[in-house]
Amino acid sequence: MTYVSFLRAECRLVWRRKQNMVNSVLFFLLVIVLFPLGIDATPMFLSKAASGIIWCAAALAILMSVESLYKEDYHDGSLEQWLVSGLSVPILVLIKMALHWLFIALPLLLLSPVLSEVLYLPDNSFLPLFMSLMLATPSLFLLGGIGSAVTVSLRQGGVLMLLIVLPLYLPIIIFATSVTKVAQVGLPYDAPLAILGAIFFVSLVVSPLMTAISIKASVN
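Residues numbered from 1 in each chain as written. Predicted model: local features only at pLDDT ≥ 70, side-chain atom pairs only at ≥ 80, totals over all residues. Heavy atoms only, no water.

K.L.:
Explanation requested: the overall build of the protein in the structure shown.
P.N.:
Scanning the protein from N- to C-terminus turns up 9 helices and 0 strands. Taken from the N to the C terminus, the helices and strands of the protein come in the order α-α-α-α-α-α-α-α-α. Compactness check: the protein gives a C-alpha radius of gyration of 18 Å against a globular reference of 17 Å for 220 residues, within 12% of the reference. The long-range share in the protein, meaning contacts at least 24 apart out of those at least 6 apart in sequence, stands at 79%. Measuring between centres, the 11 positive side-chain charges of the protein sit 8 Å from its 10 negative side-chain charges. (Helix = DSSP H or I, 4+ residues; strand = E, 2+ residues; numbered from the N terminus. Rg over C-alpha atoms; globule rule 2.2 N^0.38 Å. Contact = heavy atoms within 4.5 Å. Lys, Arg positive; Asp, Glu negative; His and termini not counted. Charge placed at Lys NZ, Arg CZ, Asp CG, Glu CD.)

See the structure below:
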């Protein structure tokens, strides 16, 4: 096995499991549609809450998609093949995470302009929202992958994964929503974007290593 053959196999695997992608996108849309109906559908309220609604929906959709990220690989023996292939497991993890971000988070990004209009997001806040999504959604996948790998060998590890991942998600959501809030009042939003960028680079370095260690521990 080579990195190229692994990439091709993962692409075919993601396409075979495309229902997971559809479920995540539908969940994202349902949360955004139902939230205003259950709270307040007036433009005055939604214009202030739009970025928070979109971000909470995105975080939940991503969390739902990464919960079973390594489950099938664990049960069909693919993770054992990773360990004996001679390839770097952190790099394999990074390839897998990048593909899942491309197939799951990218559709959410493409839907964000339409949903921003539906939620009456001010025009001057869309670019900051989009930039925060671009910077922070990879971090959500990378950190969620750690929780998925830690609980991969457990039959009912969903609750444990939530306990592991949610504390890691909270700072990202706080700084991501603050980007739009700061932009709405006309202030520079460089600082929260820089923090999101720093979180992304730290996650990019730490997450593949931690995930690889968790996979080795779960398989052995």
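Alright, that's what it looks like, and here's the rest.
K.L.:
How do you make sense of the pattern of salt bridges when you look at a structure like this?
P.N.:
One side chain can pair with another of opposite charge once the charged atoms of both are near each other. Applying the stated criterion across every chain, the model contains 1 salt bridge. The salt bridge involving Glu10 is made with Lys96; its shortest N-O contact spans 3.0 Å. Linking Glu10 in helix H1 (residues 3-16) with Lys96 in helix H6 (residues 89-118), this pair joins segments that are 86 residues apart in sequence. Neither Glu10 nor Lys96 differs from the other in exposure class; each is buried. (Salt bridge = Lys/Arg side-chain N within 4 Å of Asp/Glu carboxyl O. Buried < 20%, exposed > 50% of the residue type's maximum accessible area, 1.4 Å probe, protein only.)

K.L.:
Looking at this structure, I do not really get the nonpolar core. What am I missing?
P.N.:
One recurring pattern in soluble globular proteins: nonpolar side chains tend to sit buried together. If you look at the biggest cluster of nonpolar residues, it comprises 58 residues, and the most contacted ones within it are Phe28, Ile32, Tyr70, Trp82, Phe141 and Tyr169. Counting residues per element, the ones that place at least two in this core are helix H2 (18-38), helix H3 (43-66), helix H5 (78-84), H6, helix H7 (123-150), helix H8 (158-184) and helix H9 (190-219). (Core = buried A, V, L, I, M, F, W, Y, C linked by side-chain atoms within 4.5 Å.)

K.L.:
Which parts of the structure should I look at to understand the packing of H6 against H9?
P.N.:
Helix-helix packing is described using two parameters, namely the angle between the two axes and the distance between the axes. The contact between H6 and H9 brings their axes to 8 Å, and the two run at 110°. Classified by the angle their axes make, H6 and H9 are roughly perpendicular. For the pair H6 and H9, the sense of crossing is right-handed. Here Val89, Pro90, Val93 and Leu94 of H6 lie close against H9, whose contacting residues are Leu204, Pro208, Leu209, Thr211, Ala212, Ile215 and Lys216. Taken together, the residues that form the contact of H6 with H9 break down as 9 nonpolar, 1 polar and 1 charged. (Axes fitted to C-alpha atoms, helices over the stretch in contact; angles between N-to-C directions. Parallel < 35°, antiparallel > 145°, perpendicular 65-115°, else oblique. Left-handed = near helix turned anticlockwise from the far one by under 90°. Nonpolar A, V, L, I, M, F, W, Y, C, P; charged D, E, K, R; others polar.)

K.L.:
Would you explain the packing of H2 against H3 in this entry?
P.N.:
Orientation of H2 relative to H3, taken along the N-to-C sense of each, is 150°, at an axis distance of 9 Å. Classified by the interaxial angle, the pair formed by H2 and H3 is roughly antiparallel. Viewed along their axes, H2 and H3 form a crossing whose handedness is right-handed. From H2, Asn23, Ser24, Phe27, Phe28, Val31, Ile32, Phe35 and Pro36 reach across to H3, where they touch Phe45, Leu46, Ile53, Ile54, Ala57, Ala58, Leu60, Ala61, Met64 and Ser65.

K.L.:
Can you walk me through the packing of aromatic side chains in this structure?
P.N.:
Both the distance between ring centres and the angle between the ring planes are used here to describe each pair of aromatic rings. Applying the stated criterion across every chain yields a total of 4 aromatic pairs. Plain terms: the ring middles of Phe6 and Trp82 are 5.4 Å apart, the flat faces sit at 80° to each other, and that makes the pair edge-to-face. Taken as a pair, Phe6 in helix H1 and Trp82 in helix H5 lie far apart in primary sequence, 76 residues in all. One exposure class covers both Phe6 and Trp82, and it is buried. For the pair Tyr70 and Trp82, a centre-to-centre distance of 6.2 Å together with 85° between the ring planes defines the contact as edge-to-face. Linking Tyr70 in the loop between H3 and helix H4 (71-75) with Trp82 in helix H5, this pair joins segments that are 12 residues apart in sequence. Overall, Tyr70 belongs to the buried group, its relative accessible area being 1%. An aromatic cluster is present here, built from Phe6, Tyr70 and Trp82 joined pairwise through their rings. (Phe/Tyr/Trp six-rings, centres within 6.5 Å; stacked < 30°, edge-to-face > 60°.)

K.L.:
Which parts of the structure should I look at to understand the environment of Met131?
P.N.:
Take Met131: it is sitting in helix H7. If we ignore the near neighbours within four places in the chain, the residues touching Met131 are Tyr189 and Leu193.

K.L.:
In this structure, what is going on with the side chain of Ser47? I would like to understand it.
P.N.:
On the secondary structure map, Ser47 appears in helix H3. At 3.0 Å, the side chain of Ser47 forms a polar contact with the backbone oxygen of Met44. Those residues in contact with Ser47, other than ones at most four positions away along the chain, are Leu119, Tyr120, Leu121, Pro122 and Gln184. (Polar contact = N/O pair within 3.5 Å; in protein donor to acceptor, adjacent residues only side chain to side chain.)

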